[in-house]
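# Residue-level structural notes
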Amino acid sequence: VEPNNDYKRSSFNNFGDNIGHLKNKVHKKLTGTVSLPDNIKKKIIPTINTLKSFNKFVKKRKARLIISFSPIYDQIIIASRNKVKNMRKLYNILKQKIDVKFAGKPWDYYYPKEYFYDTIFHLNAKGRKIRTQMIISKLIPLINVNQSN
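Structure report, in brief. Treat the numbers as computed from the prediction; the structure is a model and nothing was measured.

A separate point is the overall build of the protein chain. Scanning the protein chain for helices and strands turns up 5 helices and 4 strands. The order of helices and strands in the protein chain, counted from the N terminus, is α-α-β-β-α-α-β-β-α. Taking all 149 residues of the protein chain together, 33% fall into the buried category. In the structure as shown, the protein chain presents an accessible area of about 10300 Å², 53% of it carried by carbon and sulfur atoms.

In C-alpha cells, the structure reads:
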C-alpha cells in the first residue's frame, strides 16, 4: 500500500516538521476525536505524575517547563457542553496539581476548520502561522531571562 504523500519521509524538512501538505487544500471532512470523559480527574493521574517527574528533571537543570496545548478544531469541543465542561475541569486540575506555567488556556488553541488540513489537530499553513504568532504572544510574558525559576 502506497502511503499518503503527505506522510512520506520526503514530506518532512530538516527539523522534522511535516511540510508536505502545506500547499494542499483543507480536506472536506476532518478526522479524529477528543476523549474528555466525566471521570477526567481519575484518568489524568498518570499524566500528572509524568509531568511532575519531568518538571523535577527540568528544574534540576535550572530550566523551566512551560506547557502549551495542542491546536484543536473548535467545533469538536464547542458542540458538546460536556466536552467544554470537562476541558475546563482538566485545565483546572493541571493548574492545581502541577507547578508550571501555562502558555494560555486550552480554549486559546481552538481554531476554525479553515486552519486545519486533514485531522482535527493537524494545522495547515494558515493555521500554523496563526498558532505560531499566538504561542509567541503567550510565551513572551512568561519568559524572563533574569529569573532563575
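Let us keep going from here.
With that settled, consider helix H2 (residues 45-60). In this model, H2 (16 residues) spans 23 Å end to end at C-alpha, consistent with the 22 Å of a helix rising 1.5 Å per residue. Every buried residue belonging to H2 is among Ile-48, Asn-55 and Val-58, and all of these are buried. Along H2, the residues classed as buried sweep out an arc of 85 degrees about the axis, all on the same side. For H2, the exposed residues lying more than 90 degrees away from the buried face are Pro-46, Thr-50, Lys-56 and Lys-60. Count one or two residues on from H2 and you reach Lys-62, which has phi positive near 55 degrees.

Along its 15 residues, helix H5 (residues 125-139) runs 21 Å from first to last C-alpha, staying within 8% of the 21 Å computed at 1.5 Å per residue. Among all positions of H5, only Gly-127, Arg-131, Met-134 and Ile-135 are buried. On an axial view of H5, the arc spanned by its buried residues comes to 100 degrees, and they lie on one face. Considering only its buried residues, H5 is in contact with strand E4 (110-111). Between the side-chain oxygen of the N-cap and the backbone nitrogen of Lys-126 there are 3.2 Å, and the N-cap of H5 in question is Asn-124.

Calculation criteria
Residues numbered from 1 in each chain as written. Predicted model: local features only at pLDDT ≥ 70, side-chain atom pairs only at ≥ 80, totals over all residues. Heavy atoms only, no water. Helix = DSSP H or I, 4+ residues; strand = E, 2+ residues; numbered from the N terminus. Buried < 20%, exposed > 50% of the residue type's maximum accessible area, 1.4 Å probe, protein only. Areas by Shrake-Rupley, 256 points an atom, 1.4 Å probe, with all protein chains shown as cover. Expected span 1.5 Å × (residues − 1). Arc of directions from axis to C-beta. Contact = heavy atoms within 4.5 Å. Polar contact = N/O pair within 3.5 Å; in protein donor to acceptor, adjacent residues only side chain to side chain.

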